[in-house]
Amino acid sequence: MSSPPPLTGIRVLEFAGLAPGPFAGMLLADFGATVLRIDRASPGAHTSFPPPATEDQLVRRKSSIAVNIKRAAGVALIKALIPHVDVVIDPFRPGVLEKAGLGPENVLMKLNPRLVVGRMTGFRRDGKYSAMAGHDINYIAVSGVLSMLGRKGEKPYPPGNILGDFAGGGAMCFLGIVLALLGREMTGQGQVVEANMVDGSAYLATMPRFGTKGEIWRRPRGENMLDGGAPWYGTYKTKDGKYFAIGAIEPQFFAALMKGLNLPTPSESDRWNRANWPALTRQIEQAFKSKSRTEWEAVFDGTDACATPVLTQSELEEQGFDQRPVVTLKSTPSLAISKGDPDSREPSTGQGEGVEGDGWDAEGLRPGSGGEEVVERWVGWRRGRNYVINDGGLERTEGSKL
């Protein structure tokens, strides 16, 4: 019998944003925290006809209140909530919270010394780009990571927004928040967590960066073992236009690959002779084009050839692939993502009933949806007594003892 998720009881205020901040909030929610998103005030919020969902789809298990932080009464409401929460997620560019009168150290933490404030930016707060706008591609560009991605002789190729926004951004912010909560257990004090996508993505590239000083990654982009340069580490098109991925680095794995392809296995010295790589690549290309991806799966499944199909998201969904939590905590598992038996406490698939969409799609979250119920559970506030709705935003009522 497993216990509740480890962040059960943690209360999080997440200022609405896109990508990294919401991703950190979703991770907190998946591990048991109650996450309340603060949306911009919007006509219809907190009514029976709420506005459409925002573009943010990373809203699993979250609720929303809409607040106008440009109005004093809206700021007053947020300040009154701060003593009752554990974490605030700030996704804004530097200075936005300060301008609103909600500076983390000079305002928020004075209201609640145990508060953890996770601040997520793209560029470093103290760097030359700190005041500039940017996106994932810009952050990984100045971190040195983008220069390493792409084929030989081609321009650097951005890998979507996975490395900056999510791996180097939201996941690192989540890690920092959890570490700060752990630190609070020792000191009794909260702290500000500053995460940025430049440092986060650069840290993820620690091994490749070290590799540039040695044989593993010292050559130009696309000419190294792990970036598509080596014939035995890359992707190949199959007869039906699909793809197979191979990563047969070690000698025994390479031998299994060549056996499956029905190709002669060169000696190790010949294999590592870079002059032979173009010819070997062509051999492997021609071999993979002789069969469909399904046929190659039949050849390589159960072998040590390090050869697997490149599956698409739609294929995985059609196959019923169950989306699972980022890590398995066997005693205090995450809440489930895929639906299942609500009485199940199987650690490998999380804990609980799962959510709509099974991790494949999300309907989004409408501003003001479910948030008033959360506020009432947290602090007992009720509309009309402790706050009012003004132009689609919650505001503290004049003279209210919140």
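Each value, and the rule that gives it
- Numbering of residues starts from 1 in each chain and follows the order in which that chain's sequence is written.
- This being a predicted model, a pLDDT of at least 70 is required before a residue's local features are given, and a value of 80 or more before pairs of side-chain atoms are given or counted; all residues contribute to the totals for chains, interfaces and linings.
- Calculated side-chain values reflect all of the structure's heavy atoms, with hydrogen atoms and water omitted.
- UniProt positions are given in the numbering used here, feature names are shortened, and annotations may be inferred rather than shown by experiment.
- Here a helix means four or more residues in a row that DSSP labels H or I, a strand means two or more in a row labelled E, and each is numbered from the N terminus.
- Multiply 1.5 Å by the residue count of a helix minus one, and that product is the helix's expected span.
- What we call the bend at a residue is the angle made by axes fitted to the seven residues finishing there and the seven residues starting there.
- Whenever Lys or Arg places a side-chain nitrogen within 4 Å of a carboxyl oxygen from Asp or Glu, that contact is recorded as a salt bridge.
- Note on classification: 1.4 Å probe, protein chains only; a residue is buried when its accessible area is under 20% of the maximum for its type, exposed when over 50%, partly exposed between these limits.
- Summarising the geometry, the arc corresponds to the directions from the helix axis toward the C-beta atoms.
- Whether two residues touch is decided by their heavy atoms; if any such pair falls within 4.5 Å, the residues are in contact.
- Geometry is summarised by axes, namely lines fitted to C-alpha atoms with helices restricted to the contacting stretch, and by angles between N-to-C directions that run from 0 to 180 degrees.
- If an angle is under 35 degrees, it is roughly parallel; if it is over 145, roughly antiparallel; if it lies from 65 to 115, roughly perpendicular; otherwise it is oblique.
- By the definition used in this description, the sense in which the near helix is turned from the far one sets the handedness, with an anticlockwise turn below a right angle giving left-handed and a clockwise turn giving right-handed.
- Any residue that is not Ala, Val, Leu, Ile, Met, Phe, Trp, Tyr, Cys, Pro, Asp, Glu, Lys or Arg is counted as polar, Gly included; the first ten are nonpolar and the last four charged.
- Only when DSSP finds a minimum of two bridges between them are two strands counted as paired.

Per an unreviewed UniProt entry, the protein goes by the name Alpha-methylacyl-CoA racemase and belongs to Patellaria atrata CBS 101060. Note on the protein: under the UniProt heading Sequence similarities (unreviewed entry), the record states "Belongs to the CoA-transferase III family."

It is worth spelling out helix α6 (residues 162–187) at this point. Taking 1.5 Å of rise per residue, the 26 residues of α6 would be expected to cover 38 Å, and the 35 Å separating its terminal C-alpha atoms lies within 8% of that figure. Approximately 25° is the largest bend angle found in α6, and it occurs at Met-172. Of the residues flanking the end of α6, it is Gly-188, one or two places downstream, whose phi is positive at about 80°.

Once that is clear, we can look at the pattern of salt bridges. Tallying each qualifying case throughout the model produces 22 salt bridges. Residues Asp-90 and Arg-119 are paired through a salt bridge, measuring 2.7 Å at the closest nitrogen-oxygen approach. One end of the pair, Asp-90, is in strand β4 (residues 87–90); the other, Arg-119, is in strand β5 (residues 116–121), and 29 residues separate them in sequence. Of the two residues examined, Asp-90 and Arg-119, each falls in the buried class.

With that out of the way, let us pick up helix α14 (residues 371–379). Within the span of α14, buried status applies to Gly-371, Glu-372, Val-374, Val-375 and Trp-378. Down the axis of α14, the sector holding all buried residues measures 155°, keeping them to one side. Close packing links the buried residues of α14 with β1 (11–15), β2 (34–40), β3 (62–67) and β10 (387–390). Of the residues flanking the end of α14, it is Gly-380, one or two places downstream, whose phi is positive at about 75°.

Interaxial distance between helix α9 (residues 251–261) and helix α12 (residues 293–300) falls to 10 Å at its minimum, and their mutual angle equals 130°. On the basis of their axis angle, the class for α9 and α12 is oblique. Pair α9 / α12 crosses with right-handed handedness. Of α12, the residues touching α9 (which contributes Ala-256, Leu-257, Gly-260 and Leu-261) are Trp-296, Val-299 and Phe-300. Looking at the contact of α9 with α12, its residues break down into six nonpolar, one polar and no charged.

Now for the sheet that holds strand β7 (residues 233–237). Spatial ordering of the open sheet is given by β7-β8-β9, a layout of three strands whose pairing is antiparallel. The two strands at the open ends of the sheet, each matched to only one other strand, are β7 and β9 (307–309). Neighbour-to-neighbour, the strand axes of the sheet open up by a mean angle of 25°, direction not taken into account. As paired elements, β7 and strand β8 (residues 243–247) share five bridges and run antiparallel to each other. Residue pairing for β8: Tyr-233 is matched across the bridge by Gly-247.

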